[in-house]
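Descriptive structure summary
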Amino acid sequence: MPLLGKKEKIPLGIYIHVPFCRSKCQYCDFYSVTTKDDKLLDGYINAVCSHVKEAGQLAPGYKVDSVYFGGGTPSFFGAEGMAAILSAIRRNFDVTAEAEITFEANPDSVSDKLLRRLRGEGFNRASLGVQCDSDEMLKKLGRPHNYAQTLTAVQRIRKAGFKNLSIDLMYGLPGQSLLDWENTLNRVLAINPEHVSCYGLKVEPGTPFYEYRDVLNLPDEDTQADMYLAAVDILKTRGFRQYEISNFARKGLVSRHNLKYWLGGEYLGFGPGASSDFAGSRFDIVKDVHVYIAGLKNGGAIIENMQQIPPRERAGEYLMTRLRTTAGINAEEYEKQYLLPFAPLEAALERCRDHGLAARTADGRWYLTPKGFLVSNSIISDLQIIQENSQPLAKRR
């Protein structure tokens, strides 16, 4: 009698939100606190490790193939804390041998000691928050580093043996011209990273920039669009493939963890402010490190916004997230997974193609062009309206 094979485990991403920073940037609306109180940091580490242990018991059928330490500033938090948390993850989850393990860092808090420890613990990807190559602009943004520190940090990262380096850049900055942005890209690409993320500045409520947004002298929408298209062109000529609206990578080096968000994968978040999409439910962790620590210690509530996502809403998310990527959407997988007709969507996408906003591969996958990415919110909104008015395939005669 043949042996039954083991059920294949489901891939899972783990995100650790490290809510500690040296200082708060002028544009940042992520949850973080500017402190290095040893008692608070120790309490946070203990809370995260306890949370990881609890969650691990709920995930025997999963295999962790990506771990991402974001923030905040994980490099400011330090190697010892990250190592302790990663060890807890390995003890309580099935972490694959080839898992992508990333930490975010600011150039000013990168040291040889930190990098050696992280590399020894199995971290294999670094994401460096460069943002700009102008010291004057970095100061305006409230960044705690200068560009010379970026170059030193990159040298240290390479010396420590990291072969997968991602660089974060921002465009649409106060007083920035298209030529300024092109020069920044060309100068930073001399660092020779494997991955580049280019984000347009968004002035969010509750940030210092929002309070004086009218005098920031921000580039207008047309200039920002030109900046985006210039980034696409420059990165393409330098050997980078665009795989998502804001992300570009050399061959085989896309961010596996971030793709989970865009391709509908499952992930668990730990730490105050982290989000999860796990076992059919979506939920957030409370954005307060003190409440988080107390909750894990005393059995208090730390989860909020818990919801089961109905199939129709998942179908809308399929459109929203996958059309952020160059992988796009496909009629067969859409109809099979959501039992909704693809034909009305395809008709709308054909109209987008006529205007240079979408394209279709030989095997039938629809994706947005760089020009389409610029108006993706409008395109996706129109597609979701069409979707809402579609009758399920099972009910059609």
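Provided above is the structure to which this section pertains.
**Examining the packing of aromatic side chains**
A complete count under the given rule lists 17 aromatic pairs for this structure. Geometrically, the ring pair formed by Phe20 and Phe77 is stacked, given 5.8 Å between the ring centres and 15° between the ring planes. Here Phe77 lies in helix H2 (residues 74-77) and Phe20 lies in the loop between strand S1 (10-18) and helix H1 (38-56), a separation of 57 residues in the sequence. Side by side, Phe20 and Phe77 carry an identical accessibility label, which is buried. Each ring, one from Tyr334 and one from Tyr338, has its centre 5.8 Å from the other, and the planes form 55°; the classification is tilted. Remark: Tyr338 and Tyr334 occur in helix H13 (residues 331-338); sequence separation between them is four residues, near one turn of the helix. Of the residues examined, Tyr334 reaches a relative accessible area of 1% and is grouped as buried. Residue classification places Tyr338 among the buried positions, given a relative accessible area of 15%. Feature note: the residues Phe69, Phe103, Phe123 and Phe162 constitute an aromatic cluster, connected by ring pairs.

**A short note on the sheet that holds strand S14 (residues 358-360)**
Taken in spatial order, the three strands make up an open sheet running S13-S15-S14, and their pairing is antiparallel. For this open sheet the edge positions go to strand S13 (329-330) and S14, each flanked by a neighbour on one side alone. Pairing of S14 with strand S15 (residues 365-368) involves three bridges; the strand directions are antiparallel. Its bridge partner being in S15, Arg360 is matched across the sheet by Trp366.

**Regarding the pattern of salt bridges**
Under the criterion given, the structure shown has 17 salt bridges. Glu194 is the salt-bridge partner of Arg158, the closest N and O atoms lying 3.0 Å from each other. Remark: Glu194 occurs in the loop between helix H7 (178-189) and strand S6 (195-200) and Arg158 occurs in helix H6 (residues 147-159); sequence separation between them is 36 residues. Take Arg158: its relative accessible area is 28%, and that puts it in the partly exposed class. Under the relative-accessibility criterion, Glu194 is labelled buried at 12%. Two residues, Arg314 and Asp277, come together in a salt bridge whose shortest N-O distance is 2.8 Å.

**Remarks on the state of the cysteines**
Applying the stated criterion to the full structure yields zero disulfides. Take Cys132: it sits in no disulfide, and the sulfur closest to it among the cysteines is that of Cys198, at 12 Å. With a relative accessible area of 2%, Cys198 lands in the buried category.

**A closer look at the pairing of strand S10 (residues 275-278)**
As judged from the four bridges shared by S10 and strand S11 (residues 281-285), these two strands associate in the antiparallel manner. When the bridges of S11 are listed, Phe278 appears paired with Ser281. Linkage of S10 to S11, two consecutive antiparallel strands, is achieved through a turn of two residues, within which Ala279 is found at a positive phi near 55°.

**Digging into unusual backbone geometry**
Gly71 connects to Gly72 through a cis peptide bond whose omega is 20°. Following the sequence through the fold, Gly72 ends up in the loop between strand S2 (62-71) and H2. Positive phi outside glycine occurs at Ala279, with the angle close to 55°. Inspection of the secondary structure puts Ala279 in the loop between S10 and S11. Of note in this structure, Leu339 is not a glycine but carries a positive phi near 55°.

Analysis parameters
Residues numbered from 1 in each chain as written. Predicted model: local features only at pLDDT ≥ 70, side-chain atom pairs only at ≥ 80, totals over all residues. Heavy atoms only, no water. Phe/Tyr/Trp six-rings, centres within 6.5 Å; stacked < 30°, edge-to-face > 60°. Helix = DSSP H or I, 4+ residues; strand = E, 2+ residues; numbered from the N terminus. Buried < 20%, exposed > 50% of the residue type's maximum accessible area, 1.4 Å probe, protein only. Pairing = 2+ DSSP bridges. Salt bridge = Lys/Arg side-chain N within 4 Å of Asp/Glu carboxyl O. Disulfide = S-S within 2.5 Å.

Functional significance is not addressed by these values, which are geometric in nature.
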